[in-house]
Amino acid sequence: FAGQHFSGVTMKSKVLLMGKGSAGKTSMRSIIFANYIPRDTMRLGVTIEVEHSHVRFLGNLVLNLWDCGGQKTFMENYFESQKDHIFRNVEVLIYVFDIMSLQGDEKEKDVEYYKSCLQAIQQHSRTAKIFVLVHKMDLVEASQKDAVFRNREQELKDISKPLEIQCFSTSIWDETLYKAWSAITYSLIPNIKTLESQLQEFCKICEADEVVLFERATFLVISNATRKDHKDVHRFEKISNIIKQFKLSCSKAQAAFSGMEVRNSNFSAYIDVFTTTTYIMVIVSDPTIPSAVTLFNIEMARNHFEKFVQQSVPV
Amino acid sequence: AGFPKSDLRAILRNLLDFCKLLRMSLLRPKVLPQILNQVVNDGVTAALLSDTKGSLLASSGDKKDELLKAAIIAGIWNSYDAFAKEGMGAKDLNMVIMDCEKGSLVIVPVTGILVLCLFVEPSANFPLIKSKVAALKTHLDSALKALVS
């Protein structure tokens, strides 16, 4: 994960976001990184150039998002002349398919594009992690979603051999998008297991029900420690969405979100800035534990985690 | 100083939990009230520990309006602390004793960032209580030193 050297210059870790035109990449990228809520993305229009945005992620990691327009001629031109440049030093390839396109006449073309990307990856960044998002799943009838996804997943895995891929079923209209990107984020942190153990230890001492670490810019879940099982497995994505939307509302009112404490008769939730790249959420359901004690411990832990998270991120 | 030392020492040892993985100490949430419990007797009706911002960390004894009391006591301490230093040129304020209608408050600082307050009945043996507070403060100071540094 160390930055690879090319002609003496350190190339930062690159994440490629690719896929055919109107697969939903730009909306997706905007929602995850530029904090647009789904309703806003309809105004974004068609990407006609390479959107080469540098997003600082997890501190030292720079996500180099190549949102290639995907419009037919553009993609063909760009591919040929820039292939080397695009596909070198890639840590992660995220390929997006529009499910409706995969189910229709365009399927062959879709798969062709995908295969050329894979070939280029195999040639220039053999060890890159590959994630495939089967997107716009909200357009599939609810009762058929699982079956449709499983079929496509199997097909794509077969097509991709010998390269291994991980598939996700996603939509900008529910928490599945976050789940996929969280999983991608998780795979990018080298010391994740140690981080998880430390979080578990912290959770136990605070006598908290759950402690969650979010990436600061995107509110994607990096890690969590649980002492009390919770029935809603989608709670992280829901909380991410809620906080992001609240954060957005705050910025519209010219206020910067920094943290919140939510207390009711069942629990207290503390959400606060933690390290330079993370937010922490601590849930305590024991009513006898005063807020100040939990906040005190979070403050104490802050410095220690700061050092650790910094060390664990590839430069 | 008027309470079973061995009990207090045992409880104090439990106050901080050293996290092996994090390589640091954290506060065990439920031990502070146990510590304060040790002084709630012989004329002391309640004990309270808060931070200088007025947030309650722990209380023992009469818990009525504990959050409000924590805030008020921190306010009282901060005012007199500022007054002693700026107004009277003192280096440190050691203790505030407030005689009220129904009893007294004894307030002392702990590790520079916390405030300990005892609520004392009019009939209590005041010199004994003053020495209890001083001893408890010393114990808490040394127990929390690891955290604050």
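The preceding data block contains the structure.
Now for a look at the structure at hand. Bear in mind that the values here come from a model prediction, so they are computed numbers and not experimental data.

Of regular secondary structure, chain B possesses four helices and seven strands. Across chain B, helices and strands are ordered from the amino to the carboxyl terminus as α-β-β-α-β-β-α-β-β-β-α. The C-alpha atoms of chain B give a radius of gyration of 15 Å, which matches the 15 Å a tight globule of 149 residues would have. Buried positions account for 48% of the 149 residues belonging to chain B. The contacts in chain B between residues at least 6 apart in sequence include a share of 48% that link residues at least 24 apart. Carbon together with sulfur atoms contributes 54% to the accessible area of chain B, which is approximately 7,600 Å² in total.

All names here are of chain A. Helix length check: helix 7 (residues 192-205), at 14 residues, gives a terminal C-alpha distance of 20 Å against a target of 20 Å (1.5 Å per residue), a fit within 8%. Among the residues of helix 7, those classed as buried are Ile192, Leu195, Glu196, Gln198, Leu199, Glu201, Phe202, Cys203 and Ile205. Once helix 7 ends, the next one or two residues include glutamate 207, with phi positive near 55 degrees.

A full pass over the atoms with the stated rule returns 21 salt bridges over all chains. The shortest N-O distance in the salt bridge between arginine 150 of chain A and glutamate 153 of chain A comes to 2.8 Å. Here the residue arginine 150 of chain A and the residue glutamate 153 of chain A both occupy positions in helix 5 (residues 145-160), the gap between them amounting to three residues, near one helical turn. The closest approach of N and O atoms between lysine 91 of chain B and aspartate 92 of chain B, which form a salt bridge, is 3.5 Å. Assessed through its relative accessible area of 72%, lysine 91 of chain B is described here as exposed. Under the relative-accessibility criterion, aspartate 92 of chain B is labelled partly exposed at 46%. Overlapping salt bridges, with partners in common, bring together Lys107, Arg152 and Glu155 of chain A in one network.

Let's shift gears to the nonpolar core. In globular proteins that are soluble, nonpolar side chains generally tend to be buried together. If you look at the biggest cluster of nonpolar residues, it comprises 60 residues, and the most contacted ones within it are Phe202 and Val282 of chain A together with Leu15, Leu27, Leu32, Ile35 and Leu118 of chain B. One finds Leu16, Ile86, Tyr114 and Ile130 of chain A within the second-largest nonpolar core, a separate group that totals 28 residues.

So, how was this worked out
Residues numbered from 1 in each chain as written. Chains lettered and ligands numbered in written order. Predicted model: local features only at pLDDT ≥ 70, side-chain atom pairs only at ≥ 80, totals over all residues. Heavy atoms only, no water. Helix = DSSP H or I, 4+ residues; strand = E, 2+ residues; numbered from the N terminus. Rg over C-alpha atoms; globule rule 2.2 N^0.38 Å. Buried < 20%, exposed > 50% of the residue type's maximum accessible area, 1.4 Å probe, protein only. Contact = heavy atoms within 4.5 Å. Areas by Shrake-Rupley, 256 points an atom, 1.4 Å probe, with all protein chains shown as cover. Expected span 1.5 Å × (residues − 1). Salt bridge = Lys/Arg side-chain N within 4 Å of Asp/Glu carboxyl O. Core = buried A, V, L, I, M, F, W, Y, C linked by side-chain atoms within 4.5 Å.

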